[in-house]
Amino acid sequence: MEDEPVVPEPATRRSKRARAQVRTADFTRTDKIEDELEEEREESSDDLQENRRKAKRNKATEGASTSAAAARKADSSLIDVVKGEGKEIPDVVKRWVEHYDKNQKSATADLLSMLFEACGAKYCLQEEDIDMTDVDDVVVALVNMARRGEIEDYQSSKRGFKNFKDNLIYFWDNLVSECQSGPLFDQSLFDRCLDYIIALSCTPPRCYRQIASLMGLQLVTSFINVAKVLGAQRETTQRQLNAEKKKKIEGPRVESLTKRLSMTHEKITTMEEMMRKIFTGLFVHRYRDIDPDIRMSCIESLGVWVLSYPSLFLQDLYLKYLGWTLNDKSAGVRKTSVLALQTLYEVDDNVPSLNLFTERFYKRMLELADDIDISVSVCAIGLVKQLLRHQLVPDDQLSSLYDLLIDDPPDVRRAIGALVYDHLIAQKFNKSQSHSTGSNSDSSEVHIIRMLQILKEFSTDPILSLYVIDDVWDYMGGMKDWKCIIQMLLADNPSAELDDVDATNLIRLLFASTRKAVGERIVPATDNRNPHHTKAQKEIFENNKRDVTVSMMKTYPQLLRKFMPYKDKVSPLVEIIVHMNLELYSLKRQEQNFKAILKLMREAFFKHGEKDALRSCVKAIKFCATDSQGELQDFAQNQINELEEELIGKLKSAIKDVVNGGDEYLLLVNLKRLYEFQLSHRVPLESIYQDLVHVLKSFRTIDDEVIAFLLLNMFFHVSWCLQSVLSSETVSEALLSSLVEKRDALLEQLEYFLDKPLKLHGDIRCKNQLAYRVCGILADTWCLFKRIRFASTNLEMLGYSPDESIVKKYWKMCEQLLNVSEEDEGNREYVEETNADAVMFALAKLVATDSVPKEHLAPEIISHLEKYGTSVSETVKHLVTSLKKKGDISSILVETLKMAYQRYLVALPGNDKSLSSKLFQECKSLAARLSGSYVGVARTKYKAEIMNIVKEGISYAFSHAPKQLSFLDGVVLHFVSKLPAPDILDIMRGVERRTENVKTDQDPSGWRPYYAFLDTLREKYLKNEAVKVADGKEGTSVRRRGRPRKKQDLQGKRLFDEQSSSEEDDSISGSDQDATVEEKQEDDEENVPLIHSLKASSKLRSLKVSKEDKRDQTRTVDAGRRPTEELTPKTSGASS
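Residue positions within a chain follow its written sequence, with the count starting from 1. Side-chain atom pairs in this predicted model are given and counted only at pLDDT of 80 or more, local residue features only at pLDDT of at least 70, and totals for whole chains, interfaces and linings cover all residues. Hydrogens are left out, water is left out, and the side-chain values use all remaining heavy atoms of the structure.

1. Here's the deal with the overall build of the chain
For the chain, the helix and strand inventory stands at 49 helices and zero strands. Here the term buried applies to any residue with accessible area under 20% of the maximum for its type, exposed to any over 50%, and partly exposed to those in between, with areas from a 1.4 Å probe on protein chains only. Every one of the 1136 residues in the chain was classed for burial, and the buried ones make up 47%. It only takes one pair of heavy atoms within 4.5 Å for two residues to be counted as in contact. In the chain, 73% of the contacts between residues at least 6 apart in sequence involve partners at least 24 apart. Using a 1.4 Å probe, the Shrake-Rupley method yields the accessible areas, and only the shown protein chains count as cover for residues. Accessible surface computed for the chain: about 59100 Å², of which carbon and sulfur atoms make up 49%. Only runs of H or I of at least four residues qualify as helices and only runs of E of at least two qualify as strands under DSSP, and these elements are numbered from the N terminus.

Below you can see the structure in the form of structure tokens.
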């Protein structure tokens, strides 16, 4: 066995270590193997020992690093921990408490130094000075540091400041929690801290007040947490003591419990005393601090205190501050107070203690529901709901609240809707109301009846009813109970509570609820953006559409038959089908019901003659013809064809009756039907078009409303014919000739009525309606057939351009209509088509589309910009913007200003001075508004345009001097001010050259506007040059616009305000001295130093000398009458 060879390790293992080279001749193979094995054993042993030594070193290193981290943590100051992430705060607080147990003064000094540094001041107290230092001395020193700007403002980073505040709150809460077993009740540590916190909270520097208030308010919250724990212990101890006393055995147990109860009570008393100290020393001053954030913190904390510790704070002594801050000028403070009260009223046990407070402040709570701030208003409505839940507000005080149902902000309307549903419909707040125990349908019916009682208050205005429905819809499930609503409408013996008005409102509710269910808006949105719906919402809408269709599929014909005779009910009822899924009629085999619905709609179309009913019937029938499928679609199309034939037949009969001297009513009604039908569908009128023309030519005395609808239907027929021509690939000459003939016949009749004067007396229902219609139809016809549209095409013969005389007549009629008062405007049924807005839109469309020559009409329109209402003026402003985009409009603006000025000149010779003064002021206002569009970069972009206006204006003013010189000062000056200084100087010289050989002293009052114009130009030029000198003094720096630069010589941040230290100055009603106030800033030119103005004025000396020389040549006055130093002439002296 000894000679048995040993198998060596694989050769690959040896490659892991580098070996020295040896000669094979010196060893035998056996010796070599043995030697290698011995080496491997030695190396293995060495490696094992090395690994053990490394492990020991690693453990030692890890221990050292842990000790170092612990040392660093122990060495880090309290403020560093607060400024950090906050995770180490509990451990640091525990170590500090241990430090306090060993050395109270040293620990107290560390804590107070952290307190000061948290406020931003690096002020350290030494432990030997703790007992000797006076609080006032330290606070004065801290205030002086703030004066010198030697403090740190933690609010420079809002995110960092929030993290810092959270950590600071967390620190003090942990400190109070850790100290409750000892230091909290030693009447030394926290008393000293409270003294400094209260003192700092009353100092002028805002950062001191903010941080000190934050710490003081949090201490009260933390004290409450401790007091609640002690209170629970006291109750437990009291129960145990009572149990022991019942045993009637006096012993150490009773004595121990009595002592523990007394100690616990003393601790609670100490806690409450410290709470009162902070409240009286800090809260009562800072709740009316000048900083709204501090006020918000105070009120928010007070709400938490009252809610969490009602035994002390739920009394009027503290509640009154919540009531007073309901009137705070800051919306955030008002909202905080409302939210605090809302949480108090949510707890039923608090309500008895709040009775006196509610009686004092509930009216203010109701007023806040209509607060100027929307968020405050919404929160206040939630508070009112709590008051109603406890029946603390009389119902007669809620009338103003219900007016908010039709308020503009959607959030407010939704909040009021929720209140109305809970209080009036569901009656959740009425304890005496017995809840319905029947089926869901019965509950829905009760809710719907109550809703109808509310809608009856708005029954005269359907739009306001829609607002109310929109507000309540999200909360009232009964509105989505389609079957219940339909059963109520079809009931043979309706409830005595439902009358005709209720039936109308119920149909409106059904229609509005259907539209809401499928995702439509029923009231105008605050923004014009299309609503975006998610996939889930779209699925809900489709399911609702299906539910509506299934619910109404069989009962819809019954509803139409029952309510068809009523014009106010048929319109919303007919239009419901537009929001139904017509495919279900085929799937559910309800084709007969669908056909019955179409026949009833066609019948309703010929039964009514009002706009809403006719428009709804046409919309519904067209929808059925396009969205139905297969056989049902063919049937709907056949119904439309039959409707056309029947309508044309009725028209022919009505025309025949009028020709034979019959009544015009049937003709008017059928013309309305035809008009509403032609709005969305082409009706073949070739067979009766000439009959319509014949009626217009032969019966000039028929009613204006009949004439208006004759013209409208002729226009729509011509428009449909033109659309057919433009959409056809090939058009015959005969078709074009026929279209031109119809167009000319229409224009002939329209131009005839241009000469017809407006009605000033007669039936108010149709007064001036014909004139409005003529203006609108003429504008649309001229736009459709404008010559440039068809020039150089195969349809050139369709082009048309009115004569200038016709355009002037057209403007004259439009001008008269624009002066008609709103209460006299057109027909109320078609008021949106017959008002001043429609007239101005027609005029603007003609000019913007180049349908008529704009050289005359555009100035006439723009010259009346200051004369009309807001909506009309907006249309004119958009027209001016549109014209600017097309090119230079300087000639148009000059003509505009001339026209406005000419009206002033016409009124000037009269005796009515007020009229002439008013017209001149309108002219100046017009010039100011037109020149106001050239601001910013537009001054450079449109410089040539401005210069043309100025030159043309000056030429016009001197064309009849001095009669028209007031045009310079009243009009041209507004545009000159938009030019740069060199151009102003050229204009001044040019204007002066115009009077070189003119004796202006012969009519001083007439030439006064001329000199006033020059004086103003000179002043503006002087200011501009002065600013250039000021800006160029340090080099070629660019003039800075906007807010003046801050002063650079301030040392540190301005965190101290001497005037903010008093309690009166910090009150809510006081002036906000520290807040950012937007003051009116004067132009930069006004702030230019006098020396620069003097330097700039030297550039005008030559101008002044030439001006004085010219005056000496032209005036024959005594040279001594005017000092040679005077720069600007006086023209107000009396002529000799």
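After that view of the structure, there is still more to cover.
2. Observations regarding the packing of helix α40 (residues 890–907) against helix α41 (residues 913–931)
Each pair of packed helices gets described by two things: the angle between the helix axes and the distance between those axes. Only the stretch in contact is used when fitting a helix axis, every axis being a line fitted to C-alpha atoms; angles between N-to-C directions are given from 0 to 180 degrees. Remark: α40 packs on α41, axes separated minimally by 7 Å, with the N-to-C direction vectors making an angle of 170°. Accordingly, the angle class assigned to the pair α40 and α41 is roughly antiparallel. The interaxial crossing formed by α40 with α41 has left-handed handedness. In this structure, α40 uses Leu893, Thr896, Leu897, Ala900, Tyr901, Arg903, Tyr904 and Ala907 to contact α41, whose residues at the interface are Leu915, Ser916, Leu919, Phe920, Cys923, Leu926, Ala927 and Leu930. Basically, the charged four are Asp, Glu, Lys and Arg, the nonpolar ten are Ala, Val, Leu, Ile, Met, Phe, Trp, Tyr, Cys and Pro, and anything else, Gly included, counts as polar. For the contact of α40 with α41, the residue count by class is 13 nonpolar, two polar and one charged. Angle categories: roughly parallel below 35 degrees, roughly antiparallel above 145, roughly perpendicular from 65 to 115, and oblique for all the rest. Crossings are classed by handedness, with left-handed meaning an anticlockwise turn of the near helix from the far one by less than a right angle and right-handed meaning a clockwise turn.

3. Quick word on the nonpolar core
Grouped together as the largest cluster of nonpolar side chains are 333 residues, with contacts concentrated most on Trp172, Phe313, Tyr556 and Tyr810. Once residues within four sequence positions are removed from consideration, tryptophan 172 is found in contact with Leu111, Met114, Leu115, Cys193, Met215, Gln218, Leu219 and Ser222. In these notes, a set of buried Ala, Val, Leu, Ile, Met, Phe, Trp, Tyr and Cys residues joined through side-chain atoms within 4.5 Å is what counts as a nonpolar core.

4. Considerations on a negative patch on the surface
Grouping into patches uses exposed residues only, defined as over 30% relative accessible area, and leaves out salt-bridged ones; the cut-off is 9 Å for like charges and 5 Å for nonpolar side chains (Val, Leu, Ile, Met, Phe, Trp, Tyr). One speaks of a salt bridge when a side-chain nitrogen belonging to Lys or Arg is within 4 Å of a carboxyl oxygen belonging to Asp or Glu. Charged residues are defined narrowly, with Lys and Arg counted positive, Asp and Glu counted negative, and His plus the chain ends left uncounted. Note that the charge is assigned to NZ on lysines, CZ on arginines, CG on aspartates and CD on glutamates. On the surface, Asp110, Glu127, Glu128 and Asp129 cluster together into a patch of negative charge. With respect to the helices, strands and loops of the structure, glutamate 127 is situated in the loop between α5 (104–118) and α6 (135–147).

5. Digging into the pattern of salt bridges
Inspection of every chain in the model, using the stated rule, returns 46 salt bridges. Residue aspartate 195 is joined to lysine 277 by a salt bridge in which the shortest nitrogen-to-oxygen separation is 2.8 Å. One end of the pair, aspartate 195, is in helix α8 (residues 189–201); the other, lysine 277, is in helix α10 (residues 252–286), and 82 residues separate them in sequence. Owing to a relative accessible area of 33%, aspartate 195 belongs among the partly exposed residues under this scheme. Across the pair lysine 619 and glutamate 575 runs a salt bridge whose closest N-O atoms are separated by 2.9 Å. Of the two residues, lysine 619 is situated in helix α28 (residues 611–627) and glutamate 575 in helix α25 (residues 567–575); the sequence distance between them amounts to 44 residues. Given a relative accessible area of 42%, lysine 619 falls into the partly exposed group. The structure contains a network of salt bridges with shared partners spanning Arg413, Arg414, Asp470, Asp471, Asp474 and Lys516.

6. With respect to the side chain of aspartate 291
If you trace the backbone, aspartate 291 turns up in the loop between α10 and α11 (292–308). Buried charge without a salt bridge: aspartate 291, with arginine 206 as the nearest opposite-charge side chain at an N-O distance of 4.1 Å. In protein, a polar contact means a hydrogen-donor-capable atom and an acceptor-capable atom, both N or O and within 3.5 Å, with residues adjacent in sequence counting only if both atoms are side-chain atoms; elsewhere, any N or O pair within 3.5 Å suffices. Here aspartate 293 takes part through its backbone nitrogen, which lies 3.0 Å from a polar atom of the side chain of aspartate 291. Discounting chain neighbours no more than four positions away, the residues touching aspartate 291 are Arg206 and Gln210.

7. Brief notes about the environment of lysine 545
Along the chain, lysine 545 turns up in helix α23 (residues 535–552). By relative accessible area, which is 23% here, lysine 545 ends up partly exposed. Note: C-alpha distance between lysine 545 and alanine 517 (28 residues apart in sequence) is 7.3 Å. When sequence neighbours within four positions are dropped, the list of residues in contact with lysine 545 reads Val518, His579, Met580 and Asn581.

8. Regarding the side chain of arginine 515
Looking at the secondary structure, you find arginine 515 in helix α22 (residues 500–517). For arginine 515, a relative accessible area of 16% gives the class buried. With residues near it in sequence (within four places) discarded, arginine 515 still touches Glu520, Arg521, Ile522 and His579.

9. Brief notes about helix α43 (residues 943–959)
Every helix has an expected span of 1.5 Å times one less than the residues it contains. For α43, which comprises 17 residues, the first-to-last C-alpha distance of 24 Å matches the rise-based estimate of 24 Å (1.5 Å per residue) to within 8%. Burial in α43 covers these residues: Glu945, Ile946, Met947, Ile949, Val950, Gly953, Ile954, Tyr956, Ala957 and Phe958.

10. A word on unusual backbone geometry
Peptide bonds are mostly trans, and most non-glycine residues show a negative phi. The omega torsion of the bond from alanine 961 to proline 962 falls at 0°, within 30 degrees of zero and hence cis. With phi around 50°, glutamine 427 is a residue other than glycine that occupies positive phi space. Summarising the element assignment, glutamine 427 is placed in the loop between α18 (410–425) and α19 (440–455).

11. A look at the environment of lysine 588
Within the secondary structure, lysine 588 sits in the loop between α26 (583–587) and α27 (591–607). Separated by 35 residues in sequence, lysine 588 and methionine 553 place their C-alpha atoms 9.2 Å apart. When residues no more than four places from it in sequence are discounted, the contact partners of lysine 588 are Arg546 and Met553.

12. Quick notes on the packing of aromatic side chains
Each Phe, Tyr or Trp ring (for Trp, its six-membered ring) is paired with any other whose centre lies within 6.5 Å, and the angle between the two planes then decides the class: stacked below 30 degrees, edge-to-face above 60, tilted in between. Counting across every chain of the model gives 39 aromatic pairs. Measuring from ring centre to ring centre gives 6.1 Å for phenylalanine 190 and phenylalanine 223, while their planes differ by 70°; the resulting arrangement is edge-to-face. Pair noted here: phenylalanine 190 is in helix α8 and phenylalanine 223 is in helix α9 (residues 206–246), with a separation of 33 residues, a long-range link. Taking the relative accessible area as the measure of exposure, phenylalanine 190 reaches 1% and is therefore buried. Residue classification places phenylalanine 223 among the buried positions, given a relative accessible area of 0%. Taking 5.8 Å as the distance between ring centres and 70° as the angle between the ring planes, the aromatic pair formed by tyrosine 934 and tyrosine 942 counts as edge-to-face. You can call tyrosine 942 buried: its relative accessible area is 18%. Joined through ring pairs, the aromatic side chains of Phe279, Phe283, Tyr287, Trp305, Phe313, Tyr318, Tyr321 and Trp324 make up one cluster. The ring of phenylalanine 361 carries arginine 360 above its face, with NZ or CZ at 4.5 Å from the centroid. Lysine NZ or arginine CZ positioned within 6 Å of the ring centre and within 35 degrees of the ring normal marks a charge as sitting over the ring. Above the face of the tyrosine 934 ring, lysine 884 is positioned so that its terminal group lies 3.9 Å from the ring centre.

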